[in-house]
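# Structure at a glance
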Amino acid sequence: MPLVEMTDLVKHFPVNEGTLLKRTVGQVHAVDGVSLTLRQGETLGLVGETGCGKSTLARCLAGLHPVTSGRIVFAGRDITNLSRKAMRPVRREVQMIFQDPYGSLNPRRRVGSIIADPLVIHKIPGDRRKAVQDLMERVGLNPEHYNRFPAEFSGGQRQRIGVARALALRPKLIICDEPVSALDVSIQAQILNLLKDLQDEFGLTYLFIAHDLQVVRHVSDRIAVMYLGKIAELAPDLYEHPLHPYTNALLSATAVADPDARRRRIILRGDVPSPIAPPSGCRFHPRCPKARELCAQQEPRLEGNSHQFSCHFPVRPGGSL
Amino acid sequence: MSLLDVRDLHVSFPTTDGLVQAVRGLSFSVDAGHTLAIVGESGSGKTVSTQAILGLTPDADISGRALFEGVDLLQLTQEQLRRLRGAEISVIFQDPLTSLHPLYKIGWQIAELILVHDDSATKKQARERAIELLGLVGIPHPAKRVDDYPHQFSGGMRQRAMIAMALALNPKLIVADEPTTALDATVQAQILDLIGRLQREFDIALILITHDLGVVADVADEVLVMYAGRPVERADRRTIYYRPHHPYTKGLLESLPGSTGARKGRLTPIPGQPPSLIAVPSGCAFHPRCRYAMPVCSAEQPPLAHVTGDLPDHASACWLPHEAVGLGEHAEEIRLEISGREPDAVSDQESRRGRAAG
Amino acid sequence: MTITELRVPAAQVTGRSPWQLAWGRLRTDRVALASAIVIVVLVTLAVCAPLIAAWNGHGPDDQFRDTGITPEGLPVPPGGEFWFGTDRLGRDLFIRVLFGARVSLLVGVVATGMASIVGVVIGLLAGFYGGVVDVILSRLIDVVLSFPYLIFAIAAVSIVGPSLAATVFVIAFYSWAAIARIVRGQTLSIKEREYVEAARSLGASDGRIMFIDILPNLLAPVIVLVTLLIPAAIVFESTLSYLGLGITPPTPSWGNLLSEAQGFYRVAWWYLTLPALTLLLTTLAFNLLGDGIRDAIDPRTERIFSRRRKKK
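Read on for a plain summary of the structure.

Conventions and cut-offs
- Residues numbered from 1 in each chain as written.
- Chains lettered and ligands numbered in written order.
- Predicted model: local features only at pLDDT ≥ 70, side-chain atom pairs only at ≥ 80, totals over all residues.
- Heavy atoms only, no water.
- Helix = DSSP H or I, 4+ residues; strand = E, 2+ residues; numbered from the N terminus.
- Buried < 20%, exposed > 50% of the residue type's maximum accessible area, 1.4 Å probe, protein only.
- Contact = heavy atoms within 4.5 Å.
- Areas by Shrake-Rupley, 256 points an atom, 1.4 Å probe, with all protein chains shown as cover.
- Rg over C-alpha atoms; globule rule 2.2 N^0.38 Å.
- Lys, Arg positive; Asp, Glu negative; His and termini not counted.
- Charge placed at Lys NZ, Arg CZ, Asp CG, Glu CD.
- Pairing = 2+ DSSP bridges.
- Axes fitted to C-alpha atoms, helices over the stretch in contact; angles between N-to-C directions.
- Parallel < 35°, antiparallel > 145°, perpendicular 65-115°, else oblique.
- Nonpolar A, V, L, I, M, F, W, Y, C, P; charged D, E, K, R; others polar.
- Buried area = accessible area lost by both parts, 1.4 Å probe.
- Salt bridge = Lys/Arg side-chain N within 4 Å of Asp/Glu carboxyl O.
- Polar contact = N/O pair within 3.5 Å; in protein donor to acceptor, adjacent residues only side chain to side chain.
- Left-handed = near helix turned anticlockwise from the far one by under 90°.
- Patch = residues over 30% accessible without salt bridge, like charges linked within 9 Å, V, L, I, M, F, W, Y side chains within 5 Å.

### Observations concerning the overall build of chain B
Counting its secondary structure elements, chain B contains 13 helices and 12 strands. Considering chain B as a whole, with its 358 residues, one finds that 54% of them fall into the buried category. The long-range fraction of contacts in chain B, counting pairs at least 24 apart against all pairs at least 6 apart in sequence, stands at 64%. Within the structure as shown, chain B displays about 14800 Å² of accessible surface, and the carbon and sulfur contribution to it stands at 51%.

### Let's talk about the overall build of chain A
Secondary structure assignment for chain A yields 9 helices and 11 strands. Over its C-alpha atoms chain A spans a radius of gyration of 21 Å, differing by no more than 12% from the 20 Å that the globule rule assigns to 321 residues. Seen through its principal axes, chain A has C-alpha atoms that stretch 65 × 55 × 45 Å. Every one of the 321 residues in chain A was classed for burial, and the buried ones make up 58%. For chain A, the proportion of contacts with a sequence separation of at least 24, taken over those separated by at least 6, is 64%. Computing the positive centroid from 42 side-chain charges and the negative centroid from 32, chain A places the two 6 Å apart.

### Structural notes on the sheet that holds strand β5 (residues 71–72) of chain B
Residues and elements named next belong to chain B. Within the open sheet, the 4 strands sit side by side as β2-β1-β4-β5. Their pairing is antiparallel. The sheet is open, and its two edges are formed by β2 (18–30) and β5, each paired on a single side. Note that strand β1 (residues 4–15) and β2 share 10 bridges and pair antiparallel. Bridging from a neighbouring strand, L9 pairs with L26 of β2.

### Notes on the packing of helix α3 (residues 30–47) of chain C against helix α5 (residues 93–129) of chain C
Residues and elements named next belong to chain C. At a minimum axis separation of 8 Å, α3 and α5 run at an interaxial angle of 110 degrees. Between α3 and α5, the angle falls in the class roughly perpendicular. Between α3, through L42, V43, L45, A46 and V47, and α5, the contact on the second element is made entirely by L98, A101, R102 and L105. Looking at side-chain class alone, the contact of α3 with α5 contains 8 nonpolar, no polar and 1 charged residues.

### Here we look at the interface of chain A and chain B
Across the contact, 47 residues belong to chain A and 45 residues belong to chain B. For the chain A face of the interface with chain B, the top three residues by lost area are V185, H218 and P259 of chain A, together amounting to 16%. Applying the counting rule to chain A against chain B returns 1 salt bridge. Across the salt bridge formed by D197 of chain A and R266 of chain B, the nearest N and O atoms sit 2.5 Å from each other. The interface formed by chain A and chain B holds 11 residue pairs in polar contact (both at pLDDT 80 or more) in total. Of all the elements in the fold, those that place two or more residues in the side of chain A that touches chain B are α6 (185–202), α7 (213–219) and α8 (245–253) of chain A. For the side of chain A that touches chain B, the element with the highest residue contribution is α6 of chain A, accounting for 11 residues. Considering only residue class, the side of chain A that touches chain B consists of 16 nonpolar, 16 polar and 15 charged.

### Some details on the environment of G156 of chain B
All names here are of chain B. Note on placement: G156 falls in helix α6 (residues 155–167). Expressed as a C-alpha distance, the spacing of G156 and T186, which sit 30 residues apart in the sequence, is 9.7 Å. For G156, the residues in contact, after removing those within four places along its chain, are L183, V187 and I191.

### Describing the packing of helix α10 (residues 206–242) of chain C against helix α11 (residues 254–261) of chain C
All names here are of chain C. The geometry of α10 relative to α11 is characterised by a closest axis approach of 7 Å and an angle of 45 degrees between their N-to-C directions. One finds that α10 runs oblique with respect to α11. Viewed along their axes, α10 and α11 form a crossing whose handedness is right-handed. In this structure, α10 uses I234, E237, S238, S241 and Y242 to contact α11, whose residues at the interface are W254, G255, N256, L258 and S259. Class assignment of the residues belonging to the contact of α10 with α11 gives a composition of 4 nonpolar, 5 polar and 1 charged.

### Structural notes on the sheet that holds strand β12 (residues 315–316) of chain B
All names here are of chain B. Strand order in the open sheet made by the 8 strands is β6-β7-β8-β3-β9-β10-β12-β11, with mixed pairing throughout. The sheet is open, and its two borders are formed by β6 (89–92) and β11 (305–306), each paired with just one other strand. Here α6 sits on the sheet in contact with β6 and β7 (173–177), set at roughly 170 degrees to β6.

### Here's the deal with the interface of chain C and chain A
Counting residues at the interface gives 30 residues for chain C, matched by 32 residues for chain A. It is E194, S201 and L202 of chain C that lose the most area in chain C upon contact with chain A, and together they represent 25% of the buried surface on that side. At the surface where chain C touches chain A, the tally comes to 4 salt bridges. R109 of chain A is the salt-bridge partner of D213 of chain C, the closest N and O atoms lying 3.1 Å from each other. Put simply, chain C and chain A have 11 residue pairs in polar contact (both at pLDDT 80 or more) between them. The element best represented in the side of chain C that touches chain A is α10 of chain C, accounting for 7 residues. Looking at the side of chain C that touches chain A, its residues break down into 14 nonpolar, 7 polar and 9 charged.

### Some words on the side chain of S104 of chain C
All names here are of chain C. Mapping S104 onto the fold places it in helix α5. A distance of 3.0 Å separates the side chain of S104 from the side chain of E237, its partner in a polar contact. For S104, the contacting residues outside a window of four places in its chain are I234, E237, S253 and W254.

### Here we look at a nonpolar patch on the surface
Residue and element names in this part refer to chain C. Together, I117, V121, L125, Y129 and V133 make up a nonpolar patch on the protein surface, roughly 420 Å² of accessible area in all. The greatest single-element share of the nonpolar patch, amounting to 4 residues, is contributed by α5. Counting through the fold element by element, V133 comes out in helix α6 (residues 131–145). For V133, a relative accessible area of 37% gives the class partly exposed.

### Observations regarding the environment of D17 of chain B
Mapped onto the fold, D17 of chain B is located in the loop between β1 and β2. Overall, the relative accessible area of 39% leaves D17 of chain B in the partly exposed class.

### Comments concerning helix α3 (residues 111–121) of chain A
With respect to burial, α3 of chain A is a largely interior element, 9 of its 11 residues being buried. Residues of α3 of chain A that are buried: V111, G112, I114, I115, A116, D117, P118, L119 and I121 of chain A. Considering only its buried residues, α3 of chain A is in contact with α2 (84–93), α4 (128–138) and α5 (155–167) of chain A together with α10 of chain C. Positive phi shows up at K123 of chain A, right after α3 of chain A, with a value of about 50 degrees.

This is the structure:
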């Protein structure tokens, strides 16, 4: 049984106008029919560009946004749009690590009390101070710094604080929303190693969101690519055999730290269209080098088993755009 | 003679907590048509050094020399510098919104820049030039978009508009400070492509400031690596990536995912945290994090010196001998032998140090 | 990313809270320190006013018909016995200014304190819940802020009659809206921060998020605003008392001292000038201290109030 099963998940945000009397003039199609499963103990990487809906998807799963339609099943239980009270036990199992090591820690509170937050909120009995110091030790922080404020820590140390807070309730699933993209390269590797060690030790499942394709490739068992609210492609060995033209373009655009690497960038035309009025048919068709008439008319379905993709004219292995 | 020649630059900021030594002796030069990448992490001084040269750090104490076509920029008045910026030297910032005024049309802002620096230009000419520039940087329908406001542009288009502004006065040098960091991969590829093309076309010198080693591998001719306000290694692009000498450069390359090739394996981070610029470690500032640190490293600051026997342009500020160059096993053996460490002891120490610093 | 970047590696700088850091910066601000000293001295004098009166034997309402009035029936100028001179009835002006300070400072502090509590709660609720709650509370704030306050004060006092309580109430009623508006705006931005989202994802209750996560981050702007509202309240009290709508004689307040003195400025300069200068000094000290606190708490980022002291 998969740990998480999302079926046809849709999240639209209304676009309001007017100051006194608000009226809805449109919908942002942030997540538009996504089906994903997370298996116990795996890391599912989720990549995509700004506005593709990956963060919204994560927040729906974390119960931070009510979903517009669709279903989320967690550990066999339907948790779609649960009431606050019914959601409480689920929150113990699902934790989140945020992108911004500065923004995700309250600057006016001491680190010890920030890490103790989950224990206090869920009324976990026991010696909280000891529990917090054990957590700090586990994530590589000095437990004596219990009484310090976030501003006294560097970016990497703050992200460790965020990890300790997410770990406090021994959750099953941790949603990592760009956990290392604000960090320097040398520190980034420290945090990625820490996440890996914790996964092995506690049998955690990760939903790992990032825009850095090298990082995602390193940590993930399977990788899903999102474009304008939809899954374009999902596979374990995505980088070796990308089928979707968008995945190909994304991979070719990634700057690799190797001067002699073969560089044949596929430069896409234009920008990502607005999610308020997404294009007809395949959402990638206005920028796709392979687009034909059919692509503008008919939306491709996500097909395949272990390697899923949604494209009428996929790039065949060994072929090119 | 180089277009820009910086010698022994020092920049510091007096604060209530103490003196922040942002740049502690930096020298570099750039030639016309060449790209120098300055690489470093937060607090390495990469941004501050160029800002200081261009007079954008009003509170700083600056010493050293920065000769631009033979004129020392550090001796110029604010007014002279202001005239130079934009005309001879352009700056592209990470966040285009900090440089584009939100309440004026983009075309007007470009035209205004031209009019301020060129008395002979008419308003009509300036506007036409603005449209031409927007077209040059790949804005579709430039004649129409010239009257848009910055908020009507997407992130990638704003960065293009910034580049159009940077090119408006045919500068000889462009300083690009993390120009693509805020952009998505596909847009980043577009912008890097554009900068490279324009640079070749107009023979402009480019200083690219970035933390992204992938971008550097793509576009740089020469690379300067900075740590805690000092240059630690300088070489051409291929040497930096394949034959690094300084342990910090090596550490940066090894901490990148994908560098080891092993998927789902452990990465090799640099242990510890970057130092405070108020209390910079003695000797080589990197020694508390360096796995090959020797007694001399904490006592004496190594000079940025030519790596003997290597390419003439390869310089490194490290006490390790020149044989310790490269990423291979042979070099690793030499490093460990000289620093007197056992291969196994290293990983233990790394984890202990990482924790102690945390 | 210039200075921010430089401040990042702060790991070696040890154990200081944001408040301690602010205090460290405030201590180096001479203007703010001088203002604080002025305020402390004034408060001490006001608190000790009865002691001083007992010490020199001049009660606030004692009339000194022999020594305090010239043969022509005019007030006596400042001198050894009457430091600030006397008023038209031969009372010691210095003692009356001190007793006036008790009333004026009390009104300023109590009214602003009440306004802060109401303003913070309403602003927090409006900003946090948004939607209908926000629409209703924000319109309420707008209505209060667009009241012609002097006319409102005159109307209110004419119904209940002038008194200390009425004065405090009128000032508090007018002041809370300004605080609520600032707090609402700040809450709107703070509630979008990731640490609030983190608290939500942990299942924290609304009350916990508002009071544990948001409120401490509001204190800085509220403290600054309060130090700026106290002098405004003191001036407001003086205005009301001057018009005979606030504190009624014989209880001295700075407002009615000025009101009494207005006919005498040709013959007795000190009668109007010295209370007025005290009032000016007090409001100036509060305002400068408020500026200093703002700079100390928030040395470079966004300014939420328009006034800004130029630094070299």
